[in-house]
Amino acid sequence: MMKGCVAAILVAVGALFAACGDDDPITPGDGDWGVSDYSLQMRVVNEDGLNLLDSKVLGNIVRDSVTAEYAGQVYRLDTIASTKPHPDTPDAGVSFTGLTRYAPVDTKNYLMLFGDFDGKTSVKDRELVINWNDGGKKDTVTFSYTCERKDGKVVTRTDVQLNHKDTTLPVTFVR
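Given the structure is predicted, the values throughout are model-derived calculations rather than measurements. (Residues numbered from 1 in each chain as written. Predicted model: local features only at pLDDT ≥ 70, side-chain atom pairs only at ≥ 80, totals over all residues. Heavy atoms only, no water.)

Would you mind showing me how to read the sheet that holds strand S7 (residues 123–131) here?
The strands making up a sheet associate through hydrogen bonds between their backbones, and the pairing can be parallel or antiparallel. Here we have six strands laid out as an open sheet, ordered S3-S2-S7-S8-S9-S10, and antiparallel in their pairing. Edge positions in the sheet fall to strand S3 (73–76) and strand S10 (165–167), since each of these pairs with one other strand and no more. Recorded for the sheet is a direction-independent mean angle of 30° between the axes of neighbouring strands. As defined by bridge partners, strand S8 (residues 139–150) adjoins strand S9 (residues 153–162) across 10 bridges and the pair is classed as antiparallel. In the strand pairing of S9, Thr142 is matched with Gln161. (Pairing = 2+ DSSP bridges. Helix = DSSP H or I, 4+ residues; strand = E, 2+ residues; numbered from the N terminus. Axes fitted to C-alpha atoms, helices over the stretch in contact; angles between N-to-C directions.)

In structure tokens, the structure reads:
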């Protein structure tokens, strides 16, 4: 009886170690991996490279009712520039704020942010459609995000495409 119990325990421990490989995605209940929430960062510039999210630039888009369509919802660009891209609420671990205009403290380097998304949750081929509300074509940002353990470290990766062509963050739109 004792040998059977010891053997069963050894098999269970072996299975546990086999299941906990170094390249595992994060699963709920895994504890805090120190992973931050993330958002998609986007720049909007004209042909001359001027930032169209700056209200002082001629031809800016700040009051043009730009929207983002994501997962069946439409989010209007919040044009009041924030210096805090990730406001937290006491009721949520992830604070989803939709589409916002953001300027790092003491800069005029305006960005559009879409998110926040849970940094511990991997997603694949999510689409964000930007409607510029000018009668022109919409732009599609496709993104995939992974968070996993590799060699004892947490590794995150965000892959993005603009209109089905690979690009990098911040996604840059030329309008």
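Could you clarify how one ought to interpret the environment of Gly34 in this entry?
Structurally, Gly34 is set in the loop between helix H1 (2–19) and strand S1 (38–45). Gly34 sits in the exposed class, given a relative accessible area of 61%. Sequence separation of Gly34 and Lys120 is 86 residues, and the distance between their C-alpha atoms is 9.1 Å. (Buried < 20%, exposed > 50% of the residue type's maximum accessible area, 1.4 Å probe, protein only.)

How do you make sense of the side chain of Ser144 when you look at a structure like this?
Looking at the secondary structure, you find Ser144 in strand S8. A relative accessible area of 14% places Ser144 in the buried class. There is a polar contact of 2.8 Å between the side chain of Ser144 and the backbone nitrogen of Asp125. In contact with Ser144, other than residues within four places in its own chain, are Val123, Lys124, Asp125, Arg157, Thr158 and Asp159. (Polar contact = N/O pair within 3.5 Å; in protein donor to acceptor, adjacent residues only side chain to side chain. Contact = heavy atoms within 4.5 Å.)

What am I meant to see in the nonpolar core here?
One broad trend across soluble globular proteins is that nonpolar side chains are buried collectively. Met42, Met112, Phe114, Leu128 and Phe173 are the most contacted members of the largest nonpolar core, which totals 31 residues. For this core, the secondary-structure elements that each account for two or more residues are S1, strand S2 (67–70), strand S6 (111–117), S7, S8, S9 and strand S11 (171–174). Among residues more than four places away in sequence, those in contact with Met42 are Leu53, Leu99, Leu111, Met112, Leu113, Phe114, Leu128, Ile130, Pro170, Val171 and Phe173. (Core = buried A, V, L, I, M, F, W, Y, C linked by side-chain atoms within 4.5 Å.)

Sorry, what's going on with the pattern of salt bridges here?
Close approach of charged atoms lets side chains of opposite charge pair. Under the counting rule described, the total for this entry stands at six salt bridges. Between Arg175 and Asp134 there is a salt bridge, with the nearest N and O atoms lying 2.5 Å from each other. Here the residue Arg175 occupies a position in the segment after S11, and Asp134 occupies one in the loop between S7 and S8, the gap between them amounting to 41 residues. On the basis of relative accessibility, which here comes to 31%, the residue Arg175 falls in the partly exposed class. Look at Asp134 and you get partly exposed, because its relative accessible area is 48%. For Lys150, the salt bridge identified is with Glu148, shortest N-O distance 3.5 Å. One continuous salt-bridge network, built from bridges that share partners, spans Asp134, Lys137, Asp139 and Arg175. (Salt bridge = Lys/Arg side-chain N within 4 Å of Asp/Glu carboxyl O.)

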